[in-house]
Amino acid sequence: MEQHRPQITKLYFKAFRAVDNRAACMKFIEGHTHVLEIFGITKITSAKIDWVLNPGVYVVIVSAEEDGKALAGSRVHVADGITPLPIEGAVGDMDDRIYGMVADRIPNGTGELCGVWNSWEIAGLGVGSWVLSQITVALSSLIGLQSLFGLTAPATYRNAVRGGFRVVKEIGINGKFYYPKEDLTATVVLNDELDTLPTATQESHDFVMALRKNPKQIIPIPNKTNDGFIDMHIDIIL
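Residues numbered from 1 in each chain as written. Predicted model: local features only at pLDDT ≥ 70, side-chain atom pairs only at ≥ 80, totals over all residues. Heavy atoms only, no water.

A. Expanded view of the packing of aromatic side chains. For the coordinates displayed, the defined rule picks out three aromatic pairs. Ring geometry for F28 against W117: centres 5.9 Å apart, planes inclined by 90°, an arrangement best described as edge-to-face. Here F28, found in helix α1 (residues 22-38), pairs with W117, found in strand β4 (residues 110-118); they are 89 residues apart in sequence, far enough to count as distant. Each member of the pair, F28 together with W117, is buried. Seen from their ring centres, W130 and F207 are 5.6 Å apart, and the 20° between their planes marks the pair as stacked. In this pair, W130 is assigned in helix α4 (residues 129-142) and F207 in helix α6 (residues 202-213), connecting sequence segments 77 residues apart. Here the aromatic cluster, defined as three or more aromatic residues joined through ring pairs, consists of F28, W51 and W117. (Phe/Tyr/Trp six-rings, centres within 6.5 Å; stacked < 30°, edge-to-face > 60°. Helix = DSSP H or I, 4+ residues; strand = E, 2+ residues; numbered from the N terminus. Buried < 20%, exposed > 50% of the residue type's maximum accessible area, 1.4 Å probe, protein only.)

Written out as structure tokens, the structure is:
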């Protein structure tokens with residue numbers, strides 16, 4: 001039986017600390033796991049679930065109603081020098097220079113944007129990885145981070161560059177690794193200037209700065225599947 005896309009007019013983007021909301025973490029894990037299984041990906045470090053017990057993990061979850069089913073999500077892992085970031089577990093065995101890059105930035109506050117996913121219910125609406133990533137970048141600044149790592153798939157690489165990230169060409173094969181499978185590649189990216197975002201596009205820069213100034217607001221955006229709008233209810237106040 002063919003699944004029908006639900007009519008979505010509102011989306012709620014809610015941030016929380018992982019250890020403060022176990023139920024929402026479980027919704028995130030269920031949705032993320034389902035998406036990965038669709039693509040046949042089972043071994044990916046950001047999909048491990050031990051992060052729910054890590055006080056340095058912050059989550060953004062997306063739903064069509066308040067406290068509803070998770071339709072998309074992302075996470076920020078704060079580096080503490082004790083628990084490795086997912087990116088360290090992913091590429092460290094292939095190039096151990098990633099450990100030094102993370103360690104050098106811990107004193108000023110660094111972390112990783114990871115676990116970005118969205119479900120079929122909202123695919124194509126215009127609120128995909130770019131919007132979710134920019135909201136998470138804004139959250140990263142609000143929790144005091146000065147830099148942010150990421151490991152991007154080919155489909156999300158361009159959005160990372162638009163958001164002010166650069167390719168870390170010093171490691172891997174010009175920043176690329178065969179991960180999470182031998183026939184797939186991932187690119188290590190880094191934003192060392194979260195405060196000012198000097199290399200981000202104007203659109204990304206303005207969006208993040210507006211969220212920092214007002215981390216709880218409603219932003220209408222065009223629905224790319226029809227002539228209507230979707231109201232994004234954003235709340236990244238912790």
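B. Expanded view of the environment of A123. Along the polypeptide, A123 turns up in the loop between β4 and α4. Judged by its relative accessible area of 31%, A123 is partly exposed. Remark: the alpha-carbon pair of A123 and M101, spanning 22 residues in sequence, is separated by 34 Å.

C. Spotlight on the environment of L139. Its place among the elements puts L139 in helix α4. Look past the residues within four positions of L139 in its chain and what remains in contact with it is A15, Y58, V60, I236 and L238. (Contact = heavy atoms within 4.5 Å.)

D. Just the pairing of strand β3 (residues 72-78), in detail. Of all the seven residues making up β3, six are buried; the element is thus mostly covered by neighbouring parts of the structure. Note: strand β2 (residues 57-63) against β3, six bridges, orientation antiparallel. Paired with Y58 across the two strands is V76, which belongs to β3. Pairing of β3 with β4 involves six bridges; the strand directions are antiparallel. Bridge pairing links G73 to W117 in β4. (Pairing = 2+ DSSP bridges.)

E. View of the state of the cysteines. The full count for this structure, using the stated rule, is zero disulfides. You can see C25 has no disulfide; the closest cysteine sulfur is in C114, sitting 12 Å from it. You can call C25 buried: its relative accessible area is 0%. In this structure C114 comes out as buried when scored by relative accessible area, which is 5%. (Disulfide = S-S within 2.5 Å.)

F. Up close: the pattern of salt bridges. Applying the stated criterion across every chain, the model contains six salt bridges. Where K69 meets E121, a salt bridge forms, and the shortest distance between an N and an O atom there is 2.8 Å. Within this pair, whereas K69 is found in the loop between β2 and β3, its partner E121 is found in the loop between β4 and α4, the two being separated by 52 residues in sequence. Note that R105 is salt-bridged to D192, the shortest N-O span being 2.9 Å. Taken together, the positions of R105 in helix α3 (residues 97-105) and D192 in the loop between β8 (185-191) and α6 put the pair 87 residues apart, joining distant regions of the chain. (Salt bridge = Lys/Arg side-chain N within 4 Å of Asp/Glu carboxyl O.)

G. Summary view of the packing of α4 against α6. Between α4 and α6, whose axes approach to 9 Å, the crossing angle comes to 50°. Regarding the angle of α4 to α6, the classification is oblique. Crossing hand, α4 versus α6: right-handed. Where α4 abuts α6, its residues W130, V131, Q134, I135, V137, A138, S141 and L142 lie against E203, S204, F207, V208, L211 and R212. Grouping the amino acids of the contact of α4 with α6 by side-chain chemistry returns nine nonpolar, three polar and two charged. (Axes fitted to C-alpha atoms, helices over the stretch in contact; angles between N-to-C directions. Parallel < 35°, antiparallel > 145°, perpendicular 65-115°, else oblique. Left-handed = near helix turned anticlockwise from the far one by under 90°. Nonpolar A, V, L, I, M, F, W, Y, C, P; charged D, E, K, R; others polar.)

H. View of the pairing of β8. Where burial is concerned, most of β8 is hidden: six out of the seven residues are buried. Pairing analysis gives five bridges linking strand β5 (residues 147-152) to β8, with the strands arranged antiparallel. Bridge assignment links F149 to a residue of β8, and that residue is L190. In this sheet, β8 lies alongside strand β7 (residues 176-178) in antiparallel orientation, the contact comprising three bridges. Pairing of F177 across the sheet is with A186, part of β8.

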